[in-house]
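The chain contents come next:
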Amino acid sequence: MHPSRKALRRAYQGAVLLSVLALAPMTWAWLSSSGHRVTAEGAGWTAPVPPAEAALVLGAGLYAGRPSPMLARRLDIAAELYHSGKVRALLLSGDNSREEYDEPTAMRDYLRAEGVPDAAMVLDYAGFDTWDSCVRARQVFGPAASPSSPRSSTCRAR
């Protein structure tokens, strides 16, 4: 016995409705944040970035102790923001759950090679995921940041 045409239509309509409901929060977040996003491409991309005391750089994996391509790009962007004077401090948050895996130190070493001084970098060794890194940026490192008092917050974790 085959389902009726009406049952198939209702099933299709239900699937479409569930798809729309699933995408609605992501669409709202994308549209409401449009004024706060900058694409890091081309000369002068840092111009529309507002100055901040600190930037949070999230880990994104290591390959043989070196930053993954995604993490290397994040670190390049952080170095550009620092050198352009848009941020005074960088909070480097990553995983260090095993002795042989240390994202924050690898991030620091990469940024040193890019000319960022140690005094401008704060390492967070307990950044196991994005949520934890944002919460720690706010609760552990604090809402105000400066290289002389390394306390930073760039996430609005409440």
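The rules we used
Residues numbered from 1 in each chain as written. Predicted model: local features only at pLDDT ≥ 70, side-chain atom pairs only at ≥ 80, totals over all residues. Heavy atoms only, no water. Core = buried A, V, L, I, M, F, W, Y, C linked by side-chain atoms within 4.5 Å. Buried < 20%, exposed > 50% of the residue type's maximum accessible area, 1.4 Å probe, protein only. Helix = DSSP H or I, 4+ residues; strand = E, 2+ residues; numbered from the N terminus. Contact = heavy atoms within 4.5 Å. Patch = residues over 30% accessible without salt bridge, like charges linked within 9 Å, V, L, I, M, F, W, Y side chains within 5 Å. Areas by Shrake-Rupley, 256 points an atom, 1.4 Å probe, with all protein chains shown as cover. Salt bridge = Lys/Arg side-chain N within 4 Å of Asp/Glu carboxyl O. Lys, Arg positive; Asp, Glu negative; His and termini not counted. Charge placed at Lys NZ, Arg CZ, Asp CG, Glu CD. Pairing = 2+ DSSP bridges. Axes fitted to C-alpha atoms, helices over the stretch in contact; angles between N-to-C directions.

### Points about the nonpolar core
Counting residues in hydrophobic clusters, the biggest one holds 24 residues, and the most contacted among them are V57, L75, L90, L92, L111 and V116. Contributing elements (two or more residues each) for this core: β1 (52-58), α2 (69-83), β4 (87-93), α3 (103-113) and β5 (121-124). In terms of residue count, the dominant contributor to this core is α2 (six residues). Other than its neighbours up to four places away in sequence, L90 contacts A55, V57, A78, Y82, L111, V116, A120, M121 and V122. With six residues, the next largest nonpolar core counts L56, C134, A137 and F141 among its residues.

### Some thoughts on a nonpolar patch on the surface
Nonpolar side chains collect at one region of the surface, where Y12, V16 and V20 lie side by side and expose about 310 Å² of accessible area between them. Summarising the element assignment, Y12 is placed in helix α1 (residues 5-32).

### Quick notes on α3
In terms of burial, α3 is largely enclosed, as eight of its eleven residues are buried. Taken together, the buried positions of α3 are E103, P104, T105, A106, M107, R108, Y110 and L111. Where α3 is buried, its residues meet β1, β2 (62-63), β3 (66-67), α2, β4 and β5. Following α3 by one or two positions, G115 adopts a phi angle in the positive range, close to 90°.

### A short note on a positive patch on the surface
A cluster of basic residues, R5, K6, R9 and R10, forms a positive patch at the surface. Secondary-structure assignment places R10 in helix α1.

### Overview of the sheet that holds β4
Read from one edge of the open sheet, three strands run β1-β4-β5, paired in parallel fashion. Of all the strands in the sheet, the pair left with one neighbour each is β1 and β5. Taken pair by pair, the neighbouring strands of this sheet meet at an average axis angle of 20°, ignoring direction. When β1 meets β4, the two strands line up parallel, connected through six bridges. Residue pairing across strands places L58 opposite S93, the latter belonging to β4. Packed on one face of the sheet, α3 meets β1, β4 and β5 and runs near 160° to β5.

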